[in-house]
Each structure stands twice: as structure tokens, then as C-alpha cells.
Amino acid sequence: MNRVTRMNHIGVPVSDLARSVKWYEDVLGIAPNGVTIAAANPALGAVVEVENPSMRASFLLAGDNVLLELIQYDSPRPMPFAGRNCDVGVMHLCFEVDDLDAAHRDLLERGVHVNADPALLRDGEGVEAGALAGTKILYLRDPDGIQLELFEFPS
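The structure displayed is predicted, hence computed values, not measured ones.

The rules we used
Residues numbered from 1 in each chain as written. Predicted model: local features only at pLDDT ≥ 70, side-chain atom pairs only at ≥ 80, totals over all residues. Heavy atoms only, no water. Helix = DSSP H or I, 4+ residues; strand = E, 2+ residues; numbered from the N terminus. Buried < 20%, exposed > 50% of the residue type's maximum accessible area, 1.4 Å probe, protein only. Contact = heavy atoms within 4.5 Å. Expected span 1.5 Å × (residues − 1). Arc of directions from axis to C-beta. Polar contact = N/O pair within 3.5 Å; in protein donor to acceptor, adjacent residues only side chain to side chain. Pairing = 2+ DSSP bridges. Core = buried A, V, L, I, M, F, W, Y, C linked by side-chain atoms within 4.5 Å. Phe/Tyr/Trp six-rings, centres within 6.5 Å; stacked < 30°, edge-to-face > 60°.

## With respect to the overall build of the protein chain
Next up, step 1: Across its full length, the protein chain carries three helices and eight strands.
Next up, step 2: Going from the N terminus to the C terminus, the protein chain shows its helices and strands as β-α-β-α-β-β-β-α-β-β-β.
Next up, step 3: With respect to the three principal axes, the spread of C-alpha positions in the protein chain is 55 × 45 × 30 Å.
Next up, step 4: Evaluated residue by residue, the protein chain yields a buried proportion of 32% over its 155 residues.
Next up, step 5: The contacts of the protein chain with a sequence gap of at least 6 include a subset with a gap of at least 24, amounting to 53%.

Printed below as a string of C-alpha cells:
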């Protein structure tokens, strides 16, 4: 079997493409890269296992190496996100930041749902941080309730 050579993009279905593109750019600084697509095609439906899909998508560049594809399905009508972090198949996106405390303050000022104050990974109290000791993490939700994580490595 051929081996994967690199990550290309991460696809995230959203309920309102324009709102999500604006939110990811304004709140997280992840700017659109100018690539948008639209499709309504039975062959595409077979590939994604969605009957008679109609969708639109925009690509955003996170940092200098990961494309985020925000996808709005107009048909069939999508169900709202309801997964918990512990549910099989639920994934989250993690973005590195230089100053998690400043990011936390900014998120709160913008009214973004933050799950809890930042946590510092360190050994003890049920945590075995290992190589990640000293790392700060924060979980938040995008406008559709999708879990995101911000990550600050120790300096």
C-alpha cells in the first residue's frame, strides 16, 4: 500500500458557511486562501456517502501548513452537532498559540463559548503529562458548537 506523504486538509461541516468563514478569520485569525468550491453531483454523493448532495466549501489556511475546509451542505439538510468529546468518532481541531492567557482574554471579550479556564498540564492529581508537562490547553466551541482546542507549549 502507498504511504501517506502529508496532510492536505481537514474538512469540517458547518451550518452557515459565510458565518463560519468570518468567525474563524475574526476570532482565530485563520484566513481564507481564496479557494472555494460548489458541487451538486451524484458521483460526489457516492464518494461522501450522502445521497444527492449539494454543498459549498471554502478553504482557510491555519498557520503555514494546514488547510481547513469549511463545508456547508445545502442538501440533504444536516443535523446539528451534538457529539461529546468522549464520543467515538468525534474529533477536535487543535491550534497552537504563543500566548494562551491573552487568547483566553480575547475569546471572553468576544463572547466565545470557552469550556473552562486554561489548564496547565503537569504531573499529579490524576495527570501524567509526560513530554507535554508545562503545556497550557484551552477548549472552546465554534458557532456550531464544534470543539476546538488552543495549545501553548512551554517556553
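## Observations concerning helix 1 (residues 17–28)
Next up, step 1: Counted at 1.5 Å a residue, the expected span for helix 1 with its twelve residues is 16 Å, and the 16 Å between its end C-alpha atoms agrees.
Next up, step 2: Looking only at helix 1, the buried set comprises Leu17, Ser20, Val21, Trp23, Tyr24 and Val27. Along the axis of helix 1, the buried positions cluster into a sector of 165 degrees, meaning they face one direction only. Opposite the buried face of helix 1, by more than 90 degrees, sit the exposed residues Ala18 and Lys22.
Next up, step 3: Tucked into the core, helix 1 has its buried residues touching strand 2 (31–40), strand 3 (54–62), strand 4 (66–75), helix 3 (100–109), strand 7 (136–141) and strand 8 (147–152).
Next up, step 4: Capping of helix 1 at its N-terminal end is provided by Asp16; its side-chain oxygen lies 3.3 Å from the backbone amide nitrogen of Ala18.

## Some remarks on the pairing of strand 5 (residues 93–96)
Next up, step 1: Across the two faces of strand 5 the burial differs, with Leu93 and Phe95 buried and Cys94 and Glu96 not buried at all.
Next up, step 2: Where strand 5 meets strand 8, four bridges bridge the pair, whose relative direction is parallel. Looking at the pairing, Cys94 lines up with Glu149 of strand 8.

## A look at the nonpolar core
Next up, step 1: Residues Tyr24, Leu70, Leu107 and Leu150 are the most contacted members of the largest nonpolar core, which totals 24 residues.
Next up, step 2: Going through the elements one at a time, helix 1, strand 3, strand 4, strand 5, helix 3, strand 7 and strand 8 are the ones with two or more residues in this core.
Next up, step 3: For this core, the element with the highest residue contribution is helix 1, accounting for five residues.
Next up, step 4: Among residues more than four places away in sequence, those in contact with Leu70 are Val12, Val14, Leu17, Ser20, Val21, Tyr24, Arg56, Ala57, Ser58 and Leu60.

## Observations concerning the packing of aromatic side chains
Remark: the centre distance and the inter-plane angle together describe each pair of aromatic rings, the angle taken between the planes.
Next up, step 1: Going through the model one piece at a time under the given rule, you end up with two aromatic pairs.
Next up, step 2: Pairing Trp23 with Tyr24 gives two aromatic rings, centres 5.0 Å apart and planes at 75 degrees, and the pair type is edge-to-face. Tyr24 matches Trp23 in its accessibility class, with the two residues each being buried.

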